[in-house]
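The chain contents come next:
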Amino acid sequence: FELPDFHPSLQFLMNHQSTISAMSVSTAIVADVSLSVFSGHPYLGTNYDTKNPVEHHPTIHYLFENALPDHHPNIDELMTTGFSLPSWHPELDLIITQRTLSTSPAAILSYTCAILFAVVLI
């Protein structure tokens, strides 16, 4: 039996055996890869589950390139054409999380400006 090109290598799985025994394979594969996006970012599953292309998105493939299995398609190209994740793929919300509004950089800037404005008025 030959593994498909997109499958994580058996060597990778063996190297992470202790991690894998404690959690699902999907979680172990993405354990070292994470990215947070702003609180208003669209829910990721909506775009990918319906095969809708994502236009005008910043380049992100380079952020994950070192952690992706060999022969993984280019994420940026997939986003522009639209696709559905295969059932075996790790859930995107394990990899990419939305920051809460209260910890968003824009919110923190707003809080800071409001405090400075209040100090100036006093």
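Source: prediction; values computed, not measured.

About the thresholds
- Every chain begins its residue count from 1, and numbering advances along the sequence as written.
- Local features in this predicted model are restricted to residues of pLDDT 70 or higher, and side-chain atom pairs are both shown and tallied only at a pLDDT of 80 or more, whereas totals for entire chains, interfaces and linings draw on every residue.
- Heavy atoms from the whole structure form the basis of all side-chain values; hydrogens and water molecules are not counted.
- Numbering goes from the N terminus for both helices and strands, where a helix is a DSSP run of H or I of at least four residues and a strand is a run of E of at least two.
- Buried means the residue's accessible area, taken with a 1.4 Å probe over protein chains only, is under 20% of the maximum for its type, while exposed means over 50%, and partly exposed covers the values in between.
- By the convention used here, residues are in contact when the closest approach between their heavy atoms is within 4.5 Å.
- Per-residue accessibility takes into account occlusion by the displayed protein chains alone, with areas from the Shrake-Rupley method and a 1.4 Å probe.
- Counted as a polar contact is a pair of N or O atoms within 3.5 Å, where, for protein atoms, one must be capable of donating a hydrogen and the other of accepting one, and residues adjacent in sequence contribute only when both atoms are in side chains.
- Throughout, nonpolar core names a set of buried Ala, Val, Leu, Ile, Met, Phe, Trp, Tyr and Cys residues whose side chains join them through atoms within 4.5 Å.

Caption draft 1: Inspection of the overall build of the protein at higher detail. Within the protein, the secondary structure is distributed over eight helices and two strands. Expressed as a percentage of the 122 residues in the protein, the buried residues total 23%. A fraction of 66% describes how many contacts in the protein between residues 6 or more apart in sequence connect residues 24 or more apart. Counting only carbon and sulfur atoms, one obtains 61% of the accessible surface of the protein, whose full area is about 8,900 Å².

Caption draft 2: Representation of unusual backbone geometry within the structure. Even without a glycine there, the phi angle at His56 is positive, about 60 degrees. Along the polypeptide, His56 turns up in the loop between α4 (44-49) and α5 (61-64).

Caption draft 3: Highlighting the environment of Pro4. Relative to the helices and strands, Pro4 is located in the segment before α1 (10-15). Assessed through its relative accessible area of 33%, Pro4 is described here as partly exposed. As a C-alpha pair, Pro4 and His71 span 67 residues in sequence and 9.5 Å in three-dimensional space.

Caption draft 4: Spatial organisation of the side chain of Asp76. Looking at the secondary structure, you find Asp76 in helix α6 (residues 75-81). For Asp76, the side chain forms a polar contact with the main-chain nitrogen of Ile60, separated by 2.8 Å. When neighbours within four sequence positions are excluded, Asp76 is seen to be in contact with Pro58, Thr59, Ile60 and His61.

Caption draft 5: Summary view of the nonpolar core. In this structure, Val33, Val37, Leu44, Val54, Ile60, Phe64, Ile75, Met79, Leu92, Ile95 and Ile96 together form the largest nonpolar core, which totals 11 residues. Sequence-distant contacts of Ile60, that is, excluding residues within four places in its chain, are made with Ile75, Asp76 and Met79.

Caption draft 6: Highlighting the environment of Pro53. Relative to the helices and strands, Pro53 is located in the loop between α4 and α5. Placed 30 residues apart in sequence, Pro53 and Phe83 show a C-alpha to C-alpha distance of 7.5 Å. Once residues lying within four places of it in the same chain are set aside, the contact partners of Pro53 are Met79, Thr80, Thr81 and Gly82.

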